[in-house]
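Okay, here's what each chain looks like letter by letter:
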Amino acid sequence: MKRLTAADCLWPRVKKVLEEERHTHEAEGTLFAVFADSLEGTFCGLASERDIAAHPHWIFADLVEHRPLFHISPKTSISTCLGLIKKSQLEGLPVVDEAGRFVGAVTQSSLLRGLLKQERELLRQTRYYFRLVEDERRKLERWSTRLTELHEASRALLTVLAHTSLEKDLLQIAIEALAKLLEARYGAIGLLDKEGGLADFVTVGISAEEAVLIGDKPSGSGLLGVVIREDTAIRLEDMAAHPQSAGFPPHHPLMKSLLAVPISHATHVYGRIYLCDKWNGEAFTAEDELLAMSFANSLSLVLDNAREMEEILKVQTSLDHLAHHDALTGLPNRLLASDRLTLALAHAQRQGGRVAVLFIDLDNFKQTNDSFGHSVGDRLLKIVAGRLSGCTRAGDSLARLSGDEFLLMLPDVSDIQDAATVAQKILATLAPSCHIENYEIFMSASIGISLFPDDAVNVEDLLRFADTAMFHVKQGGRNSYQFFTETMNERIRQYTRIENALRHAIGRDELELHYQPQVEVESGRIIGMEALLRWHNPELGPISPAEFIPIAEDAGLIGDIGEWVLLTACSQGKRWADMGFDGLRLAVNVSAFQFRKKDFAVAVRQILAASGIPPGMLELEITESAMMDKIDEVIAALDELYTLDIGISIDDFGTGYSSLSRLKKLPISVLKIDRSFVNDVTINTDDAAIAIAIITLGHSLRLRVIAEGVETQDQLAFLVRHGCDEIQGYLFSKPVPVDEFTALLHEGRQLH
Ligand code: C2E
Ligand code: MG
Ligand code: MG
């Protein structure tokens, strides 16, 4: 504020007079400014009423003459003026400008009045500013509340967006926050289900009862339908005025302005958000639309995520199922079975209960699979799984371990007999034949049973022992069940001993070939020999090839052993040929494993070359079951061998399931009737019929037919009668070492 000076506080009652005048009566407090010559002339001084009262008859010239002409400038400060008045004891001070012109006069009261006025002014201004400040404060307070609200709302929205799935209460938070943010009276989020119906509908500003009543409407045909169908935002000042408006559904509160945005991502529309009527009655702005759009976009990303998560979860669940179940039968697999078994054991341990493990292996499944094809095999497994499931009770756990192996766990058997009963039930349920693709297939199983805690207390041992017991059933003729016993374990140990000893058999020169003569029925002469493997292990003693060959196959040792056999036999064949016994046929057994190896023909060719055996002398014996597995690969392998001028004989013929059509395709030269038929050929009419059928079949395919295991004259007579070409068996000679065989050749022994 400006500083007050004398010029601001001039006394209003000043009368200009000439010096020669005498006073007239004037208002109280009047001061007289005395001039010489004229009223605009030279200023001579001030006279007050007090001066006049002291000399009522004096003219003004005399009244001012007594005092020196004392004056102040208009810029003199008020405090100086007051000081001067006090000091001079004058009633008024004249104010004269720089040019010496009279401006006015100040008195104590004019000065005080000036001061008062200024103070009032100051007070007024202070009040004014105070009001301004108060207004600002209130405004700020309002803003701060609003900002807090906005902050809370946007935080709520962000929280919603941070989720990977959207529950209904999250959507509720979202719409409330958005409505607050955009100051809308009403708001709703509607999400669509797969069929386009309303899956979720959350509202704000609409009562729950109203929401239920209108819930299935808003996505319909009107403006909101447009938002979804056209995937576009709508912002209207008065929605009723819009041509596409379908009006409000019944029970819907009346609303005027509208902001509706789709919740969409890429081309997928998840639903829409709508807000109505701003609290301040204004229309929604472009910024409001931007904000709602941006929230809807983010929301669609969350929904996208949620959808993806759902897919991932689905895939995970199915992967989990796959990892724990067998795809063909849908039964739990080995992994899940052993998990369940572990749990059952822990439970039984705590409760002092008993668990039975049934290892179920189908009999001859491989042959069935080979003969009828894999699709039939698969269907058979499904039927078996179904029948086995029928034998279980709640709590039992059935699993498919692999191929034709199943496992049934009975978690609580009070009596061992219960396990036996279940095993019997399984055998009975499998007994009826299965009809698949016009085939009638009979299926049986071998079941081994082990018990917790009687036999073992851990999963691995229980499984192993049940497997051992099952193996025992197989050995004993199949289609039965057995409980595990220690003796069985001994057999398994023997198996392991053989396997270990076999690894060193070639290196330690423990293998030897014996030869059994093959005799032509017509001439009675030896026309060839079958090489049969013999193994002398110092610790284990003599072990039959029927026992150790399968172990060698399991242990992956058959390749080396087979090669040793072939090379040894071929070298011997060459020696006999060199000795002049030419035209003989040397039959060598080849295991299925050996035969199916890719470079088998190559190995044979090398051995032929290395041994120098006369071409055409070698004949490979391959069992019928080995030959019928993967027939295309077999034909290819045999064709390759055929080009080497090697004879092929089907060993153990009659035990497999060769079909005539398949046999016709194979480049074979000999059918070898299995010993089991020959054995009973004179006493069992079925076996006799089979032997006759094989001879007839062989001849119709222009193959030679040889009978193995001929022990008696009656058997021989039968075979001769039915036209069998050759025989092999104890009747003529057992398999013998090389020297003995050479002696036989020299001797020229004859059949008759
Ligand atoms: P296989 O090839 O069918 O051989 C015939 C088996 O019948 C031989 O048993 C032979 O000694 C026996 N046998 C011969 N005549 C008679 C008889 O009149 N009565 C009786 N009861 N048996 C007779 P072996 O030598 O014990 O061989 C058993 C099986 O082991 C063979 O059956 C063959 O499958 C396999 N095998 C033998 N040597 C080899 C070999 O070097 N390699 C391969 N992969 N397998 C072999
Ligand atoms: Mg043989
Ligand atoms: Mg045989």
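See the structure shown above.
Heads up: these notes are all about the structure in this document. This is a predicted model, so every value here is computed, not measured.

The rules behind each value
- Residues numbered from 1 in each chain as written.
- Chains lettered and ligands numbered in written order.
- Predicted model: local features only at pLDDT ≥ 70, side-chain atom pairs only at ≥ 80, totals over all residues.
- Heavy atoms only, no water.
- Donors = N, O, S within 2.8 Å, 3.2 Å for Na, K, Ca; no water.
- Helix = DSSP H or I, 4+ residues; strand = E, 2+ residues; numbered from the N terminus.
- Buried < 20%, exposed > 50% of the residue type's maximum accessible area, 1.4 Å probe, protein only.
- Core = buried A, V, L, I, M, F, W, Y, C linked by side-chain atoms within 4.5 Å.
- Contact = heavy atoms within 4.5 Å.
- Polar contact = N/O pair within 3.5 Å; in protein donor to acceptor, adjacent residues only side chain to side chain.
- Near = heavy atom within 4 Å.
- Areas by Shrake-Rupley, 256 points an atom, 1.4 Å probe, with all protein chains shown as cover.
- Nonpolar A, V, L, I, M, F, W, Y, C, P; charged D, E, K, R; others polar.
- Pairing = 2+ DSSP bridges.
- Axes fitted to C-alpha atoms, helices over the stretch in contact; angles between N-to-C directions.

Observations concerning the coordination of the magnesium ion (ligand 2)
Phase 1: Binding of the magnesium ion (ligand 2) to the protein goes through Glu530 (OE), Asn589 (OD1), Glu621 (OE) and Asp651 (OD), at separations of 2.0 to 2.3 Å.
Phase 2: Each donor residue of the magnesium ion (ligand 2) lies on one chain, and together they are spaced E-x58-N-x31-E-x29-D.
Phase 3: Between the magnesium ion (ligand 2) and the magnesium ion (ligand 3), a spacing of 4.1 Å is present, and a bridge between the two is formed by Asp651. Placement of the pair is Glu530 in strand 19 (residues 526–537) and Glu621 in strand 22 (residues 618–623), with a sequence separation of 91 residues.
Phase 4: Judged by its relative accessible area of 1%, Glu621 falls in the buried class.

Considering the nonpolar core
Phase 1: Judged by nonpolar contacts, the single largest core of 84 residues is most densely connected at Leu618, Leu620, Met627, Leu641 and Leu719.
Phase 2: Considering each element in turn, this core owes the most residues, 7 residues, to helix 16 (residues 558–578).
Phase 3: Among residues more than four places away in sequence, those in contact with Leu620 are Leu566, Val588, Val590, Phe600, Leu641, Ile646, Gly647, Ile648 and Ser649.

A look at the side chain of Asp51
Phase 1: Relative to the helices and strands, Asp51 resides in helix 1 (residues 49–54).
Phase 2: Relative accessible area serves as the criterion here: at 16%, Asp51 is assigned to the buried category.
Phase 3: One polar contact links the side chain of Asp51 to the main-chain amide nitrogen of Ser48, over a distance of 2.9 Å.

Observations concerning the site of ligand 1
Phase 1: Of all residues adjacent to ligand 1, which total 24 residues, the nearest are Asn589, Asp651, Arg675, Glu711 and Tyr730.
Phase 2: Measuring from an oxygen atom of ligand 1, one finds a side-chain N or O atom of Glu530 at 3.0 Å.
Phase 3: Between a nitrogen atom of ligand 1 and a main-chain N or O atom of Ser591, the distance comes to 3.5 Å.
Phase 4: When the free accessible area of ligand 1 is taken as 790 Å², the share hidden by the protein chains comes to 85%.
Phase 5: Breaking the shell around ligand 1 down by element, the ones donating at least two residues are strand 19, helix 15 (545–554), strand 21 (585–590) and strand 23 (647–653).
Phase 6: Here the shell around ligand 1 takes 4 residues from strand 19, the largest share from any one element.
Phase 7: Residues of the shell around ligand 1, tallied by class, amount to 10 nonpolar, 6 polar and 8 charged.

Digging into the sheet that holds strand 1 (residues 14–18)
Phase 1: The strand order across the open sheet built from 3 strands is 1-2-3, with neighbouring strands paired in mixed fashion. Of all the strands in the sheet, the pair left with one neighbour each is strand 1 and strand 3 (42–47). Between one strand axis and the next, the sheet turns by 30° as a mean value, whatever way the strands run.
Phase 2: Where strand 2 (residues 31–36) and strand 3 come together, 5 bridges link them in antiparallel fashion. Opposite Val34, over in strand 3, you have Gly45 as the bridge partner.

A short note on the coordination of the magnesium ion (ligand 3)
Phase 1: With distances of 2.1 to 2.5 Å, the protein atoms coordinating the magnesium ion (ligand 3) are Asp651 (OD), Asp652 (OD), Glu708 (OE) and Glu708 (OE).
Phase 2: Mapped onto the polypeptide sequence, the residues donating to the magnesium ion (ligand 3) form the spacing pattern D-D-x55-E.
Phase 3: Look at Asp651 and you get buried, because its relative accessible area is 6%.
Phase 4: Since its relative accessible area comes to 24%, Asp652 is described here as partly exposed.

Any link to function would need more than the numbers given here.
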